[in-house]
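Residue-level listing of the chains:
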Amino acid sequence: MTYALRQMVVLGYIAAFMPLPALAQSAPPPPPVTVAKPVVRDVVDSDEFIGRFEPVDEVSVRSRVGGYLQEIHFQDGALVKQGDLLFVIDQRPFVTALNQAKATLESSQSALVFADAQYKRAQSLAASGSQSAQTLDDRRREFDSAEANVRGAQAAADRASLDMEYTEIKAPLSGRIDRRLISAGNLVQTDQTVLTTIVSLDPIDFYFDVDERRLLNFADTARKLGKDLQQGGGGLDVSVTISDPGAKPFKGKLDFAENRVDNESGTIRLRARFPNPDLVLQPGLFGRIQVEASNTYQAILVPDEAIGSDQNERVVYVVGTDGTVSTKPVRPGPRLYGYRVIREGLDGTETIIVNGLMRARPGAKITPQMTELPQERQDTAPETAGAESGQ
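Residues numbered from 1 in each chain as written. Predicted model: local features only at pLDDT ≥ 70, side-chain atom pairs only at ≥ 80, totals over all residues. Heavy atoms only, no water.

Draft legend 1. Broad picture of the sheet that holds strand 4 (residues 58-62). Across the sheet, 4 strands lie side by side as 4-11-9-6; this open sheet has antiparallel pairing. Edge positions in the sheet fall to strand 4 and strand 6 (79-80), since each has one partner strand and no second. Pairing of strand 6 with strand 9 (residues 175-177), which is carried by 2 bridges, proceeds in the antiparallel orientation. Within strand 9, the position partnered with V80 by the bridge is G175. (Pairing = 2+ DSSP bridges. Helix = DSSP H or I, 4+ residues; strand = E, 2+ residues; numbered from the N terminus.)

So this is what it looks like as structure tokens:
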């Protein structure tokens, strides 16, 4: 027997009689993987729409009298209160007209006093037979005419006083004023020249369009609350997110829907109202509104990182009691509370892999490291039911 052959025989003998635990120690242990139970909780689906903020009230400031603009009493872009003085029209022509109207009124009142005395004297003389009935009728006509002249003069004086008051243009509502659109010294035409605009800011409205399919869903939800969608669906709670990633969603309530569907677009416009005490929300600002699209139901929630892909299917890795990994096809839904809703495929009792999918293979064993998922995570952005995956 050669030396090489004797070495092979010896090695075979050692391998045949080596204890089994020694062989097992040479194999690597199953990889550690983080596992958890899915979160099961009551949720409400929401739909998301893009819309724009608009002021509740908006006014174009015009002058009710014509004249040359004399004074401007506000700073461009400032916050104003209802009744604040904004502009002053040159008052001198209106002061003259008011004085003339007052003089005419005094003259008419004096004539009325004289006509009244003449009429009473004629009445006394007619009673004693010293005055003819014709003269009495003339005095009565003169008195009535003088009385009418006083009323006309009083109306002219009131009109002149009102025009004088209109020379001071005041803010008709509280809100944010725009820049001045005309400079002092320019001619202002009655009810035509736009001097500036004012928009209210608190509260503020948000308008968005809803398609027919989801309109019927919203209307059904409103009816279950005993309200009409056109009347705000019972003040259905909504929230809006803006482009600022650091801003929290703003909470408001649905309060109006138009009374017909647009023939061309097949959509209907809805309105929600939001409190805006800090004046963060501005008219014209775009936002994404989330509207409740379902009644409360119990949902199964898993992290997005726990969902894998198997060709054209979405799967979740399930761990058995012996540590063996298997896959379950699932149908993902919207993302709520930082998790992905699982529409189909899980019942909530499974133990699934939530971290370390790359170290797991179907049919292989892993070393499970159990953790408990919180009811809500804040590390992911909210998503709507309209953006469901795998549907």
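Draft legend 2. Structural view of the pairing of strand 17 (residues 297-302). Inspection of the sheet shows strand 2 (residues 39-43) paired to strand 17 by 5 bridges, in the antiparallel sense. Bridging from a neighbouring strand, V40 pairs with I300 of strand 17.

Draft legend 3. View of the side chain of R41. Looking at where R41 falls in the secondary structure, it is placed in strand 2. Despite its burial, R41 pairs with no opposite charge, the nearest such side chain being E376 at 4.4 Å. Among the polar contacts made by the side chain of R41, one reaches the main-chain carbonyl oxygen of Q375 at a distance of 3.0 Å. Here R41 is in contact with Y297, Q298, A299, L301, Y337, Q375 and E376, once residues within four sequence places are set aside. (Buried < 20%, exposed > 50% of the residue type's maximum accessible area, 1.4 Å probe, protein only. Lys, Arg positive; Asp, Glu negative; His and termini not counted. Salt bridge = Lys/Arg side-chain N within 4 Å of Asp/Glu carboxyl O. Polar contact = N/O pair within 3.5 Å; in protein donor to acceptor, adjacent residues only side chain to side chain. Contact = heavy atoms within 4.5 Å.)

Draft legend 4. Just helix 4 (residues 133-166), in detail. The terminal C-alpha atoms of helix 4 lie 50 Å apart, and with 34 residues this matches the ideal 50 Å at 1.5 Å per residue to within 8%. Each element contacted by the buried residues of helix 4 is listed here: helix 3 (92-128) and strand 8 (168-170). (Expected span 1.5 Å × (residues − 1).)

Draft legend 5. Geometry of the packing of aromatic side chains. Inspection of every chain in the model, using the stated rule, returns 6 aromatic pairs. With 5.6 Å between their ring centres and 25° between their planes, F49 and F208 make a pair best called stacked. With F49 in strand 3 (residues 46-55) and F208 in strand 12 (residues 204-211), this pair connects stretches of sequence that are 159 residues apart. The residues F49 and F208 share a single accessibility class, namely buried. A centroid spacing of 6.1 Å and a plane angle of 35° characterise the contact between F206 and F208, whose relative ring orientation is tilted. Its relative accessible area of 1% is what places F208 among the buried residues. Grouped by ring-pair contacts, the aromatic residues F49, F53, F206, F208 and F274 constitute a single cluster. The lysine or arginine in question, R180, covers the ring of F74, its NZ or CZ lying 5.8 Å from the ring centre. (Phe/Tyr/Trp six-rings, centres within 6.5 Å; stacked < 30°, edge-to-face > 60°. Lys NZ or Arg CZ within 6 Å of the ring centre and 35° of its normal.)

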